[in-house]
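What follows is the residue order along each chain.
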Amino acid sequence: MSATRHEPRARGRLAALLAPPLLWLVLAYLGSLAVLLLSAFWTTDPFTSDVVHTWTTDNFRDILTTPVYRTVALRTLGIAVAVTLLDALLALPMAFFMARVAAGRLRRALLVAVLTPLWAGYLVKAYAWRVMLGEHGIINAALAPLGLHGPGYGTAAVVLVLAYLWLPYMILPVHAALERLPAHQLEASADLGAGTVRTLRSVVAPAVRPALLAGSVFTFSLSLGDYLTVQIVGGRTQLLGNVIASQVTLDLPLAAALSAVPVALVVCYLAAVRRAGALDSL
Amino acid sequence: MHLTRTARIVLGCLTAAGLALIYLPLLLVLLNSVNADPSFAWPPRALTGEWWSRALHSAGARDALWTSLRAGLGATAVALVLGSLAAFAVHRHRFFGRQTVSFLIVLPIALPGIVTGIALNAAFRTVLAPLGIGFGLFTVVVGHATFCVVIVFNNVAARLRRIAPSLAEASADLGARPWQTLRYVTFPALRPALFAGALLAFALSFDEVVVTTFTAGAGTKTLPIWIYENLARPHQAPVVDVLAALLIALSVIPVYAAQRLSSDTAGGRL
């Protein structure tokens, strides 16, 4: 491609292409994050809740030494991992069927069916689950004849509802990867004597892995920061997002310092999956 | 790979079960919008059309819908420009920091909404407020556009990877100037990706609650914010439910359009 040559004109074109998005992201986004991080080193007047601009690392020390924050951080991490695993488990057979078994009209219809709920709205879906999980909801009504009781509101409900909300974000990249897998590779594998299991392990798995990681970026980081679903179906469960949200008006510096926890987790996660090539297939 | 008949049936059943699980809550929302019991007790004892007529006459809901549409269109327009430019830069050029650019674009959607929200809130207060720019539709558009860029970027980059470079080369060999190649060769090939990207970016903006909460200020209510405020009021719950049902019913149209316009899976790329 001519563009790979470093002629002055190509460089000028590159600069013109890159300048607007980079300016926006650096100014509007990284700038904001920098302001937030900076305010984590400030403190609050305990009587007026006003931010006082005196440099201190007390907020970070508080977070590291207060056991409640550690418990909440670990619980949040655990829920994000559980949601991601649950979604991967649900998405794999569905995406495989959609991409490799179903054909023609059914294939397109299935894709539309998976995409449509993305439009139904986060709050609407979370609220639908609140109604379903309620004491007189359909889940308890369905389980009653079996002598069982639904999970009610709590941690289990949070995992369930978050997995439900983010499922399409996992299905779509996995489906795209499976669909792009050339049929002749699968045939070659069979011709060379590989059974289904061997083909799945040696041909399908390497193609799906980056897509699974790409999907997990969504399921993992969206779960890590969620606080509305927790408010809606979580009962008394507290996640990092809730703690941050409840501190924003009371103690912004503390909220800012707390935000560093999910930011650090997500950046580490992104760095890890980027090495596996996941961001290219996002 | 030869899947046995049993394997195909098992996969089909799992998919059907998954879809049933996906649609069960949505169907319940539709059903509850005509459930005469305002607390949605199950099973419904009687049906009513009252919630629908109340929702259609709610001025608050109509204003919120209008605000959401404007915010979504604004954010989508910004994201289309910035996302496409970035996709061209990353796809057509090899440069130092190329990986960092993709990383930077993904970051706003990968970081938790609450972090993005309070960061933008803090920045707007320290930077924009002294300039006399208050919180409102403008700040909402800025916030939404920031995390919508990645959607357009991914769709356009995926499509650019698939357009054979020989097409542009042929166009140049035939004497077309770069602008003509862009207009007559590259742009038509990109159109479905741009459309799909715009659609998904709009959907994302339309559904965003957390970032909106922290960037909207008191006077600006998008539809999700309106819904959130009214969820807590028991006697408004059925009206919210009607809006939800309406959105679910209407959502089929854009998804179907996206599918028609891009026959490949680009319509589903996030």
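As recorded in an unreviewed UniProt entry, chain B goes by the name Spermidine/putrescine ABC transporter permease, listed as coming from Streptomyces tubercidicus. Chain B has a UniProt comment under Sequence similarities (unreviewed entry) that states "Belongs to the binding-protein-dependent transport system permease family. CysTW subfamily." The UniProt entry for chain B carries the following text under Subcellular location (unreviewed entry): "Cell membrane".

By the naming in an unreviewed UniProt entry, chain A is ABC transporter permease, taken from Streptomyces nigrescens. Recorded in UniProt under Sequence similarities (unreviewed entry), the annotation for chain A is "Belongs to the binding-protein-dependent transport system permease family. CysTW subfamily."

Time to look at the UniProt feature "transmembrane region" (unreviewed entry) in chain A. Residue and element names in this part refer to chain A. Annotation from UniProt places "transmembrane region" (unreviewed entry) at residues 21-42, 77-97, 109-132, 152-172, 211-234 and 254-273. Note that residues 21-42 is 86% helix and 0% strand, and that its end C-alpha atoms are spaced 31 Å apart. In residues 109-132, the share of helix is 75% and the share of strand is 0%. The end C-alpha atoms are 27 Å apart.

Turning to the pattern of salt bridges, a few remarks are in order. Scanning all chains against the criterion turns up three salt bridges over all chains. One salt bridge connects E179 of chain A with R107 of chain A, and the closest N-O pair in it is separated by 3.4 Å. One end of the pair, E179 of chain A, is in helix α7 (residues 155-180); the other, R107 of chain A, is in helix α4 (residues 104-115), and 72 residues separate them in sequence. Looking at E179 of chain A, the relative accessible area reads 28%, which means it is partly exposed. For R107 of chain A, a relative accessible area of 26% gives the class partly exposed. For E229 of chain B, the salt bridge goes to K221 of chain B, with nearest N and O atoms at 3.7 Å. What makes E229 of chain B partly exposed here is its relative accessible area of 33%. With a relative accessible area of 31%, K221 of chain B lands in the partly exposed category.

Quick look at the packing of helix α1 (residues 8-39) of chain A against helix α4 (residues 98-110) of chain B now. In the contact formed by α1 of chain A and α4 of chain B, the axes pass within 11 Å of each other and the chain directions differ by 45 degrees. Comparing their axes, α4 of chain B and α1 of chain A come out oblique. In the packing of α1 of chain A onto α4 of chain B, the handedness of the crossing is left-handed. On α4 of chain B, the residues that touch L18, L22, L25, V26, Y29 and L30 of chain A of α1 of chain A are V101, L104, I105, L107 and P108 of chain B. For the contact of α1 of chain A with α4 of chain B, a count of residues per class yields 11 nonpolar, no polar and no charged.

To continue, consider the UniProt feature "domain: ABC transmembrane type-1" (unreviewed entry) in chain A. The residues that UniProt annotates with the feature "domain: ABC transmembrane type-1" (unreviewed entry) are residues 73-271 of chain A. Helix makes up 80% of residues 73-271 of chain A and strand 0%, and the two end C-alpha atoms of the span are 20 Å apart.

Moving on, we get to the confidence of the model for chain A. Residues and elements named next belong to chain A. In this model, chain A carries an average pLDDT of 84, and 95% of its residues clear a pLDDT of 70 or more. Here strand β2 (residues 51-52) stands out as the least confident element of chain A, with mean pLDDT 73; helix α3 (residues 67-101) is the most confident, with 92. Confidence drops under a pLDDT of 50 for residues 1-5, and excluding neighbours within four residues, the segment shows seven contacts in the predicted structure.

The rules behind the values
Residues numbered from 1 in each chain as written. Chains lettered and ligands numbered in written order. Predicted model: local features only at pLDDT ≥ 70, side-chain atom pairs only at ≥ 80, totals over all residues. Heavy atoms only, no water. UniProt positions renumbered as here; feature names shortened; annotations may be inferred. Helix = DSSP H or I, 4+ residues; strand = E, 2+ residues; numbered from the N terminus. Salt bridge = Lys/Arg side-chain N within 4 Å of Asp/Glu carboxyl O. Buried < 20%, exposed > 50% of the residue type's maximum accessible area, 1.4 Å probe, protein only. Axes fitted to C-alpha atoms, helices over the stretch in contact; angles between N-to-C directions. Parallel < 35°, antiparallel > 145°, perpendicular 65-115°, else oblique. Left-handed = near helix turned anticlockwise from the far one by under 90°. Contact = heavy atoms within 4.5 Å. Nonpolar A, V, L, I, M, F, W, Y, C, P; charged D, E, K, R; others polar. pLDDT = per-residue confidence, 0-100.

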